[in-house]
Amino acid sequence: MSAPESSGGKQPGKTAIVAIAGIVIGAAATTLYYEGGAGMTGRIERAADAAKAGLVDAAKLDEAESALASEQERSAGLSEKADALEAENRKLSDALAAAQQPTEQPAAEGEEWHSTASLMSDSKYGDDFQHYDYVNPDAPKGGTLNRIANGSFDSFNPYITRGTPAAGFLNFGGGLLYDTLMEQATDEPSTSHALLAEAFSFPDDYSSAIYRLNPEARWHDGVAVSVDDVIWSFNVLKENSQLYNRYYENVTEAVALNDREVEFRFSETGNRELPHILGDLAVLPKHWWEGTDADGNPRDVTQPMMEPPLGSGPYRIKSFVPGSEIVWERVPDYWGKDLPVKKGRENFDIRKYVYFRDSAAAWEAFKKGGIEDVRPEYRSQYWAEGYTFPAVVEGKVVKKVFPTKSPEPMQGFALNMRRDKFKDRRVRMALSYLFDFATVNRTRLFDLRTRTDSYFVGGELASSGVPEGRELEVLEEFRDRLPPELFTEAFSLPDYSVRGAQRENRRKAFELFSSAGWESRDGKLVNAQTGEQFTIEYLGSSPTDEIIAGQFIEDLRQIGIDASIRIVDQAQEINRLRDFDFDMTTVVLSQSLSPGNEQRDFWSSTAASQPDSRNYSGIQDPVVDALVDKVIFATDREELVATTHALDRVLLWNYYYIPQWYTPEVWLAWWDKFGMPDTQPSYIGVDLDSWWVVPEKEAAVATDGDGR
């Protein structure tokens, strides 16, 4: 979707020049009148009157009359000049008024402005985009959405490595408080629509991108969102957030072109994704962060803090209890409420989050009612057996499956190769042979899950079979540094579903351990040289982790590994993951249908040594680094698919993760207090922001009492 260039274009100050010219000409005309002919004529006429009264000499009177005639002639000329200047002034005033009116002009030559960004194909919404086609644009506002959050919080600054942000904040993106330059679409892959920026443009070589701000964008204090805010935010986030730093690694600087346009300049050309994903930039209020708090202390964006920040988004913090509760309120005069991406959405007046440290207590709270209104279900046991409590039977709680078309996350056991025992590929492969997914799915997951067999599950990006065509050409460059079987065998995970599989898979695991220097002694798997037993500690933060890893831990113990599960609180888990202080843990890595710059954060050698990166396994492989760059700088969709296949295949054959499972749908249960559109966006499955509260239903739920 294209948008016209702004009236000012790239010529800052044009309107101001017109205004100044009008003021100068008006002042000149006034000076000519009062200090030119009119003033002199008055003085001469007064002299003539005095002569007639005998107060002056007659000869002097003749001189005065002669001077009067001459001056009147000159005055007439000056008057004509003044009239001409006044006419010119009126013309300039009219031009100034016209310049101040919004006009639509074509984009500069060679420059196309976009209010929608799509990396795959044109958006289904054209130039007449008014709102998402699934929403109710007249959805009523009001009511409360009650949610449960896990653990605790101690910060309202989500973009730094210290502290645990409160619910409603995001460490990447704007969350409830901040708007981003563009907003990612809910119903189309790899597509974003205008938000703080009304449009963006980029050259054919992808060497830069220009974002033009919406002139209506405002902070909650009424101050306009400025180009300075964008530049300051870019610099602060890139400096303090590892996620932003790696995401925008190829962005060298942000420069103001005028009072509405900022140009992001890149270190390399050909990064097709980069102009688009700059729309994900969260914009923070520079004037607020550089100010002082209620006690007069300077604010510090590099530190955790518990002062509610100023935002520009649809919600602001209403109240909070540190660590246990946060309440957000809808901003009634939110500047963007009528934008196409916002119509019919963000309808709840209040969004309240109450914290629970125990998942079992959170489950009981949902069943009770009034504490959590909507529950995304992640636990197979609850979904299969738990929804039989009275409120479900009576129809007060609704349970529904929403299919999705988006890629599935890669969920797996991350093996921390910063620990020497996991550096050998044969060891990682052996551990993969010991994970019995079939038994776990049958006995613990109620056969509700599907085995993950790719880092890019869902769609055309997952590798399969043996490499061929363009993918094979890409991989040939690295043949001597890759497992030979990668080129001749289709990758497959150990299968425990057939009879005798356990014995055969354990035999292969022992062979691999043996070739890597480990052997069995007295029922223990030990290092053949040192005699030290192989140990694995699984790091988790809830009882669910025991369901995920329990069977695997038991199987590891049976072959002589000293395996254990360590359950810590959420804050400890976050800090240990940030510092990569673990042997093995479960990681969920979300992918898109247009992988790109975020792959550096997942797999690059640079990210492996940076705290708070998502390279949990500590991958430091030049081949992976090179393939990541090939994905980022793919010239077209065909090249992107081929290079992603190659990256996927190399990751799989190196056994950096032990893949677990996924479910291609959203499991959702809710108390029946909502209205919602007839359909939900099939891409993400559910858009909770398109729901609204029905007051009569909300009142009924509130008076029902204990739902159990």
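Our structure is the block above this text.
Everything in this summary refers to the structure shown in the same document. None of the values given here were measured: they were computed from a predicted structure.

1. Observations concerning the overall build of the chain
Counting secondary structure elements, the chain contains 21 helices and 25 strands. When the 708 residues of the chain are sorted by exposure, 52% land in the buried category. Sequence-distant contacts, at least 24 apart, represent 73% of the contacts inside the chain between residues at least 6 apart. As displayed, the chain has an accessible area near 31,600 Å², and 48% of this comes from carbon and sulfur atoms.

2. A closer look at the sheet that holds strand β8 (residues 261-266)
If you walk across this open sheet you meet the four strands as β5-β6-β8-β7, and the pairing is antiparallel. Looking at which strands have only one partner, the edges of the open sheet turn out to be β5 (197-201) and β7 (251-256). Neighbour-to-neighbour, the strand axes of the sheet open up by a mean angle of 20 degrees, direction not taken into account. Sheet topology note: the β7/β8 ladder contains five bridges and is antiparallel. Within β8, the residue paired with V251 across the bridge is F266. Along the sheet, helix α4 (residues 227-240) contacts β6 (208-213), β7 and β8; its crossing angle with β7, the most-contacted strand, is approximately 160 degrees.

3. As for the packing of aromatic side chains
For the structure on display, the rule yields 51 aromatic pairs. A ring pair is formed by F172 and Y247, whose centres lie 4.9 Å apart and whose planes are at 85 degrees; its orientation type is edge-to-face. Of the two residues, F172 is situated in the loop between β2 (144-150) and β3 (182-184) and Y247 in helix α5 (residues 242-247); the sequence distance between them amounts to 75 residues. Residue class for F172 comes out partly exposed when judged on its relative accessible area of 24%. Of the residues examined, Y247 reaches a relative accessible area of 10% and is grouped as buried. Here a set of aromatic residues connected by ring pairs shows up, and it is made of Y159, F172, Y178, F200, F202, Y206, Y211, F234, Y244, Y247, Y248 and F264.

4. Comments concerning the packing of helix α13 (residues 469-476) against helix α20 (residues 637-653)
Contact geometry of α13 with α20 gives a least axis separation of 8 Å together with a crossing angle of 55 degrees. Taken together, the axis directions place α13 and α20 in an arrangement best described as oblique. When the axes of α13 and α20 are compared, the crossing they make is right-handed. Every residue of α20 that contacts α13 at R470, E471, V474 and L475 is listed here: E639, A642, T643, H645, A646, R649 and V650. Class assignment of the residues belonging to the contact of α13 with α20 gives a composition of five nonpolar, two polar and four charged.

5. Some words on the sheet that holds strand β9 (residues 315-321)
Judged by pairing direction, the sheet is mixed, and its four strands sit side by side in the order β2-β11-β10-β9 without closing on themselves. Two strands lie at the open edges of the sheet, namely β2 and β9, each paired on one side alone. Sheet twist, expressed as the mean angle between neighbouring strand axes with direction ignored, is 20 degrees. Note: strand β10 (residues 325-330) against strand β11 (residues 350-356), five bridges, orientation antiparallel. What sits directly across from E325, in β11, is V354.

6. Some thoughts on the pattern of salt bridges
In the structure shown here, the tally under the stated rule is 47 salt bridges. Where E183 meets K342, a salt bridge forms, and the shortest distance between an N and an O atom there is 2.9 Å. Placement of E183 in strand β3 and of K342 in the loop between β10 and β11 is noted, with a sequence separation of 159 residues between them. You can call E183 buried: its relative accessible area is 16%. Within this structure, E183, K342, R345, E346, R351, D687 and D689 form a network of salt bridges that share partners.

7. Side note on the environment of V327
By secondary structure assignment, the location of V327 is in strand β10. Along the primary structure V327 and Y353 are separated by 26 residues, whereas in three dimensions their C-alpha atoms are 6.3 Å apart.

8. Description of the pairing of strand β14 (residues 410-415)
Taken across its six residues, β14 has six buried, putting it largely inside the fold. For β14 and strand β20 (residues 584-589), the ladder comprises six bridges, and the chain directions are antiparallel. Paired with M410 across the strands is L589, a residue of β20. Taken together, the three bridges between β14 and strand β21 (residues 657-659) define a ladder with antiparallel strand orientation. Pairing of G412 across the sheet is with P659, part of β21.

Quick notes on the rules
Residues numbered from 1 in each chain as written. Predicted model: local features only at pLDDT ≥ 70, side-chain atom pairs only at ≥ 80, totals over all residues. Heavy atoms only, no water. Helix = DSSP H or I, 4+ residues; strand = E, 2+ residues; numbered from the N terminus. Buried < 20%, exposed > 50% of the residue type's maximum accessible area, 1.4 Å probe, protein only. Contact = heavy atoms within 4.5 Å. Areas by Shrake-Rupley, 256 points an atom, 1.4 Å probe, with all protein chains shown as cover. Pairing = 2+ DSSP bridges. Axes fitted to C-alpha atoms, helices over the stretch in contact; angles between N-to-C directions. Phe/Tyr/Trp six-rings, centres within 6.5 Å; stacked < 30°, edge-to-face > 60°. Parallel < 35°, antiparallel > 145°, perpendicular 65-115°, else oblique. Left-handed = near helix turned anticlockwise from the far one by under 90°. Nonpolar A, V, L, I, M, F, W, Y, C, P; charged D, E, K, R; others polar. Salt bridge = Lys/Arg side-chain N within 4 Å of Asp/Glu carboxyl O.

Just geometry here; none of it tells us what the structure is for.
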